[in-house]
Amino acid sequence: MVKILPADNNDIPVINSLAHSIWPVAYKDILSKAQMAYMLKLIYDPSSLQQQMLDQNHQFLILYFDDQPSGFASFSIKPGADDIYKLHKLYVLPNLQGTGLGRSLLNEVVALTKAAGGKLLQLNVNRNNKALRFYLKNDFKIMAEEDIAIGNGFFMNDYIMQRDV
């Protein structure tokens, strides 16, 4: 059974735990161990997650499969835009990838952004991430490339993608 529920401050430990289970598998061939550790702390430290939820208005969702937290997503309206939303995160546990759970999570984000008046959903994905195929299969198109300095000499080498909602 699949449930997708909104997350709040009380769910920060769940999101943090999921990220620490997913990232080492998802990014093992893409990021150095040092960059992975830096990014996990930067993005998923409890204070950072709280700031994303409260100050940056990221809406988090947690996907439950058989009543177990199995994935998460976050999205927000793009600053300065009325009808463009940004998908910041979409992750499913490695052993459950390819089962349709990621698509369920994405469909929920699309439905929520559409209900809020969104017309476009944008995201950044690492150019070497196998998730690129997932996004292409789900109607995203590559719009541009972007290299983002994130500190400590590290960069995110991404595609910017978007789709209609």
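In this text, all values refer to a predicted model and were calculated from it rather than measured experimentally.

(A) Representation of the packing of helix H2 (residues 33-44) against helix H3 (residues 46-54) in the model. Where H2 meets H3, the axes come as close as 5 Å, and the angle between the chain directions of the two elements is 45°. Taken together, the axes of H2 and H3 are oblique relative to one another. Across from Leu42, Ile43 and Tyr44 in H2, the residues of H3 making contact are Pro46, Ser48, Leu49 and Gln52.

(B) Region of the structure containing the sheet that holds strand E6 (residues 141-151). Here we have seven strands laid out as an open sheet, ordered E1-E2-E3-E4-E5-E7-E6, and mixed in their pairing. The outermost strands of the open sheet, each flanked by one partner alone, are strand E1 (2-6) and E6. Strand after strand, the sheet turns through a mean of 30° between neighbouring axes, direction not considered. Here strand E3 (residues 68-77) runs beside strand E4 (residues 84-92); their pairing, made up of seven bridges, is antiparallel. Note that in E4 the partner of Ala73 across the bridge is Leu90.

(C) Inspection of the pairing of strand E5 (residues 120-126) at higher detail. Of all seven residues making up E5, five are buried, and the element is well covered by its neighbours. Across four bridges, E4 lies against E5 in parallel orientation. Paired with Lys86 across the strands is Gln122, a residue of E5. Handedness of the crossover joining E4 and E5 through helix H4 (residues 101-115): right-handed. Strand direction decides the pairing type here: E5 and strand E7 (residues 154-164), joined by seven bridges, are antiparallel. Its bridge partner being in E7, Gln122 is matched across the sheet by Gln162.

(D) Broad picture of the nonpolar core. If you look at the biggest cluster of nonpolar residues, it comprises 47 residues, and the most contacted ones within it are Ile15, Trp23, Tyr44, Leu87 and Leu121. Of the residues forming this core, the biggest block, six residues, is contributed by helix H1 (residues 12-26). Those residues within four positions of Trp23 in sequence are excluded, and the remaining contacts are Lys28, Leu31, Met36, Met39, Leu40, Ile43, Tyr44 and Tyr91.

(E) Representation of the pattern of salt bridges within the structure. One pass over the structure, following the stated rule, counts five salt bridges. Of the charged contacts, one joins Lys3 and Asp67 as a salt bridge, the two residues approaching to 3.3 Å between their closest N and O atoms. With a gap of 64 residues between them, Lys3 in strand E1 and Asp67 in the loop between strand E2 (59-65) and E3 connect regions that are remote in the sequence. Given a relative accessible area of 34%, Lys3 falls into the partly exposed group. The shortest N-O distance in the salt bridge between Asp147 and Arg127 comes to 2.8 Å. Of this pair, Asp147 sits in strand E6 while Arg127 sits in the loop between E5 and helix H5 (131-137), placing them 20 residues apart in sequence.

(F) Structural view of unusual backbone geometry. With phi around 50°, Asp66 is a residue other than glycine that occupies positive phi space. When you line up the elements, Asp66 lands in the loop between E2 and E3. For Asp66, a relative accessible area of 46% corresponds to the partly exposed category.

(G) Spotlight on H1. With 15 residues, H1 extends 20 Å between its outermost C-alpha atoms, agreeing within 8% with the 21 Å of an ideal straight helix rising 1.5 Å per residue. All of the buried residues along H1 are Ile12, Ile15, Asn16, Leu18, Ala19, Ile22 and Trp23. Among the structural elements, H2, H3, E2, E3 and E4 are those in contact with the buried residues of H1.

(H) Region of interest: a positive patch on the surface. A cluster of basic residues, Arg103, Lys130, Arg133 and Lys137, forms a positive patch on the protein surface. Within the secondary structure, Lys137 is located in helix H5. Under the relative-accessibility criterion, Lys137 is labelled exposed at 65%.

Conventions we followed
Residues numbered from 1 in each chain as written. Predicted model: local features only at pLDDT ≥ 70, side-chain atom pairs only at ≥ 80, totals over all residues. Heavy atoms only, no water. Axes fitted to C-alpha atoms, helices over the stretch in contact; angles between N-to-C directions. Helix = DSSP H or I, 4+ residues; strand = E, 2+ residues; numbered from the N terminus. Parallel < 35°, antiparallel > 145°, perpendicular 65-115°, else oblique. Contact = heavy atoms within 4.5 Å. Pairing = 2+ DSSP bridges. Buried < 20%, exposed > 50% of the residue type's maximum accessible area, 1.4 Å probe, protein only. Right-handed = clockwise from strand over helix to strand, strands pointing away. Core = buried A, V, L, I, M, F, W, Y, C linked by side-chain atoms within 4.5 Å. Salt bridge = Lys/Arg side-chain N within 4 Å of Asp/Glu carboxyl O. Expected span 1.5 Å × (residues − 1). Patch = residues over 30% accessible without salt bridge, like charges linked within 9 Å, V, L, I, M, F, W, Y side chains within 5 Å. Areas by Shrake-Rupley, 256 points an atom, 1.4 Å probe, with all protein chains shown as cover. Lys, Arg positive; Asp, Glu negative; His and termini not counted. Charge placed at Lys NZ, Arg CZ, Asp CG, Glu CD.

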